[in-house]
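# Observations on chain architecture
Here is what each chain is made of, one letter per residue.
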Amino acid sequence: MLAAFAELGVRVPQDVSLVGFDDIPGAAYLVPALTTVRQDFLGLGERCVEQLLGRIKGDAPATERIPPELVVRRSTAPPRDQAGS
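Residues numbered from 1 in each chain as written. Predicted model: local features only at pLDDT ≥ 70, side-chain atom pairs only at ≥ 80, totals over all residues. Heavy atoms only, no water.

### Description of helix α2 (residues 41-57)
Taking 1.5 Å per residue as the helical rise, α2 with its 17 residues ought to reach 24 Å, and the 24 Å between its terminal C-alpha atoms agrees with that figure. One or two steps after α2, the chain reaches Gly-58, where phi turns positive at roughly 100°. (Helix = DSSP H or I, 4+ residues; strand = E, 2+ residues; numbered from the N terminus. Expected span 1.5 Å × (residues − 1).)

Next up, the structure:
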């Protein structure tokens, strides 16, 4: 998307903010550095295995939220004043 926007003359983040997902290894080195949502995949995997083992033992399934982390970098601009936009 960053390359496509650049080819079209769309400025990031001045014209549009861009957010990725999964915090790929190079996200911090893109130009501009990509704001992204980071998941704790190790923690998610551990909880999945725990749930699977529990189900095998006959335990009831449990619901647990694992919050993602927003990693703010240079590809996003601060929110605009909605009244003035």
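### What about the environment of Ala-28?
Along the chain, the position of Ala-28 falls in the loop between β1 (19-21) and β2 (35-38). With a relative accessible area of 34%, Ala-28 lands in the partly exposed category. Taking the C-alpha atoms as reference points, Ala-28 and Val-72, separated by 44 residues in sequence, lie 9.9 Å from one another. Not counting the four nearest positions on each side in its chain, Ala-28 is found in contact with Ala-33 and Arg-73. (Buried < 20%, exposed > 50% of the residue type's maximum accessible area, 1.4 Å probe, protein only. Contact = heavy atoms within 4.5 Å.)

### Description of the sheet that holds β2
Spatially, 3 strands are ordered β1-β2-β3 in an open sheet, and the strand pairing comes out mixed. Sheet topology places β1 and β3 (69-71) at the edges, where each strand pairs with a single neighbour. For this sheet, the mean inter-axis angle between neighbouring strands, taken without regard to orientation, is 25°. In the sheet, β1 pairs with β2 via 3 bridges, with the strands oriented parallel. Each bridged residue has a counterpart across the sheet, and for Gly-20 the counterpart in β2 is Thr-36. (Pairing = 2+ DSSP bridges. Axes fitted to C-alpha atoms, helices over the stretch in contact; angles between N-to-C directions.)

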